[in-house]
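Structure at a glance
Residues per chain are reported as follows:
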Amino acid sequence: GALPQGSSGVFDFRVNALGTRVVYRADQGAADVIDLYGVPIDGSAPAVRLNLSRPLGDVQSDYQLSSDGLGVAYRSDQDIDGRFQLYVAPISGSFGPQKKSGALEDVLDVQLSPDHVWLVFRGRAVFSSPVELYRAPIFGSAAPARIDTTSIPGAVVSDFQISPDSQTVVFRGNLRMLSKLELFSAPLDGSSAPRRESGELVSGGRVLSYGFDAASAQVLYRADQDFVGHIELYLGALQRPKARRAP
């Protein structure tokens, strides 16, 4: 469509899993205000804005499309400049976005579980507070639930990954000691508390990176766990959600 004077145009785009629609960011409504749009890939209908546009609010580049091809999750500072909230919306624009970050004052990043059931994101309850890890269902109005529930005061979650089978989230953080960056896992359904996956680190040791095996049953990680500066590869067995009685 036509762009306003001073516009930078389209910043990036994603094609949905069905191959039917494109979602893209552009300052199409007003120069330097980055909004999120959806449009049929065949151009059969005009683009529709998916976020609530504000003069100083921008949609961030880490927006994600659901694996069913119907929805998008995105971060925007549409209410307070520089403080990002999490929203989900249908990419068809059939109804408006729904806020998923509850009362949190800032959201730093987000991932959708592969089964498009959960949003997992890092955020701050108060803008100046430590970074914590949260989950919220994509559908419904449930408030975000904190994942790193065993953290000591001042602990920070550095990063996270969702397992390919959508059952587990693995994350790095200094939950037990502020001087140690360790690896933890937790079931996405909240059925049990986080568990440390990395072994006992020597003083000055830390977990550097990690990833899942194909079956989502184990996590591999790099760490100087036994000797500082001597980086080796380790393997941990992931905890699974607890069995629940059938109805």
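The text that follows walks through the structure, step by step, so that each part is easy to find. Since this is a predicted model, take the numbers as computed values, not measurements.

With that out of the way, let us pick up the pattern of salt bridges. For the structure shown, the criterion picks out 13 salt bridges. Taking the shortest distance from any N to any O, the salt bridge between Arg176 and Glu200 comes out at 3.2 Å. Of this pair, Arg176 sits in the loop between strand 14 (168-173) and strand 15 (182-187) while Glu200 is found in the loop between strand 16 (195-196) and strand 17 (207-212), placing the two residues 24 residues apart along the sequence. On the basis of relative accessible area, Arg176 is assigned to the partly exposed category, the value being 36%. Owing to a relative accessible area of 45%, Glu200 belongs among the partly exposed residues under this scheme. The partner of Glu200 in a salt bridge is Lys180, and the shortest N-O contact between them spans 3.3 Å. With Glu200 in the loop between strand 16 and strand 17 and Lys180 in the loop between strand 14 and strand 15, the pair connects residues that are 20 residues apart, well separated along the chain. When salt bridges that share partners are traced, they join Arg176, Lys180, Glu182, Arg196 and Glu200 into one network.

Moving on: the side chain of Ser216. Along the polypeptide, Ser216 turns up in the loop between strand 17 and strand 18 (218-223). Ser216 sits in the buried class, given a relative accessible area of 1%. A polar contact is formed between the side chain of Ser216 and the backbone nitrogen of Asp165, at a distance of 3.1 Å.

A few words now on the sheet that holds strand 7 (residues 83-90). Taken in spatial order, the four strands make up an open sheet running 5-6-7-8, and their pairing is antiparallel. Looking at the sheet topology across the chains shown, the edges are occupied by strand 5 (64-65) and strand 8 (98-99). Two strands pair when backbone bridges link them, and strand 6 (residues 71-80) and strand 7 are joined in this way by seven bridges, in the antiparallel orientation. Directly across from Gly71, in strand 7, lies its bridge partner Pro90.

Next up on the list: the environment of Ala26. Summarising the element assignment, Ala26 is placed in strand 2 (residues 21-30). Using a relative accessible area of 0% as the deciding quantity, one classes Ala26 as buried. Expressed as a C-alpha distance, the spacing of Ala26 and Ser166, which sit 140 residues apart in the sequence, is 31 Å. Once residues within four sequence positions are removed from consideration, Ala26 is found in contact with Gly9, Val10, Phe11, Val33, Ile34, Asp35 and Tyr37.

Here we come to the nonpolar core. Grouped together as the largest cluster of nonpolar side chains are 13 residues, with contacts concentrated most on Val120, Leu133, Ile147, Phe160, Val169, Phe171 and Leu188. Where this core is concerned, the elements lending two or more residues are strand 10 (118-124), strand 13 (157-162), strand 14 and strand 15. Sorting elements by how many residues they give to this core places strand 13 first, with three residues. Not counting residues within four places of it along the chain, the set of residues in contact with Ile147 comprises Val120, Leu133, Tyr134, Arg135, Val169, Phe171, Ala186 and Pro194. Of all hydrophobic cores here, the second largest spans 12 residues; its members include Ala73, Leu119, Phe121 and Ile138.

Examined against the element boundaries, Asp213 turns out to sit in the loop between strand 17 and strand 18. According to the relative accessible area criterion, Asp213 is buried, its value standing at 18%. A polar contact is formed between the side chain of Asp213 and the backbone nitrogen of Ser216, at a distance of 2.9 Å. Among all residues touching Asp213, those that are not within four sequence positions of it are Gln218 and Leu220.

This next bit is on the sheet that holds strand 3 (residues 33-40). Pairing is antiparallel across the open sheet formed by four strands, whose spatial order is 1-2-3-4. Only two strands of the sheet have a single neighbouring strand rather than two, namely strand 1 (10-15) and strand 4 (48-49). Relative to strand 3, strand 2 is paired through seven bridges, and the arrangement is antiparallel. Among the inter-strand pairings, Ala30 is bridged to a residue of strand 3, identified as Val33.

Before going further, it helps to examine the packing of aromatic side chains. Throughout the structure, instances matching the rule amount to five aromatic pairs. Look at Tyr24 and Tyr37: their rings are 5.4 Å apart centre to centre, the planes differ by 20°, and that puts the pair in the stacked class. Here Tyr24, found in strand 2, pairs with Tyr37, found in strand 3; they are 13 residues apart in sequence, far enough to count as distant. The pair formed by Tyr24 and Tyr37 is uniform in burial state, with each residue classed as buried. Judged by centre distance (6.0 Å) and plane angle (20°), the ring pair of Phe121 and Tyr134 falls under stacked. Of this pair, Phe121 sits in strand 10 while Tyr134 sits in strand 11 (residues 132-137), and the two are 13 residues apart along the sequence. Neither Phe121 nor Tyr134 differs from the other in exposure class; each is buried. The aromatic ring of Tyr63 is capped on one face by Arg14, whose charged end is 4.0 Å from the ring centroid. The residue whose ring lies beneath Arg124 is Phe127, and the NZ or CZ to ring-centre distance is 5.9 Å.

Definitions and cut-offs
- Residues numbered from 1 in each chain as written.
- Predicted model: local features only at pLDDT ≥ 70, side-chain atom pairs only at ≥ 80, totals over all residues.
- Heavy atoms only, no water.
- Salt bridge = Lys/Arg side-chain N within 4 Å of Asp/Glu carboxyl O.
- Helix = DSSP H or I, 4+ residues; strand = E, 2+ residues; numbered from the N terminus.
- Buried < 20%, exposed > 50% of the residue type's maximum accessible area, 1.4 Å probe, protein only.
- Polar contact = N/O pair within 3.5 Å; in protein donor to acceptor, adjacent residues only side chain to side chain.
- Pairing = 2+ DSSP bridges.
- Contact = heavy atoms within 4.5 Å.
- Core = buried A, V, L, I, M, F, W, Y, C linked by side-chain atoms within 4.5 Å.
- Phe/Tyr/Trp six-rings, centres within 6.5 Å; stacked < 30°, edge-to-face > 60°.
- Lys NZ or Arg CZ within 6 Å of the ring centre and 35° of its normal.

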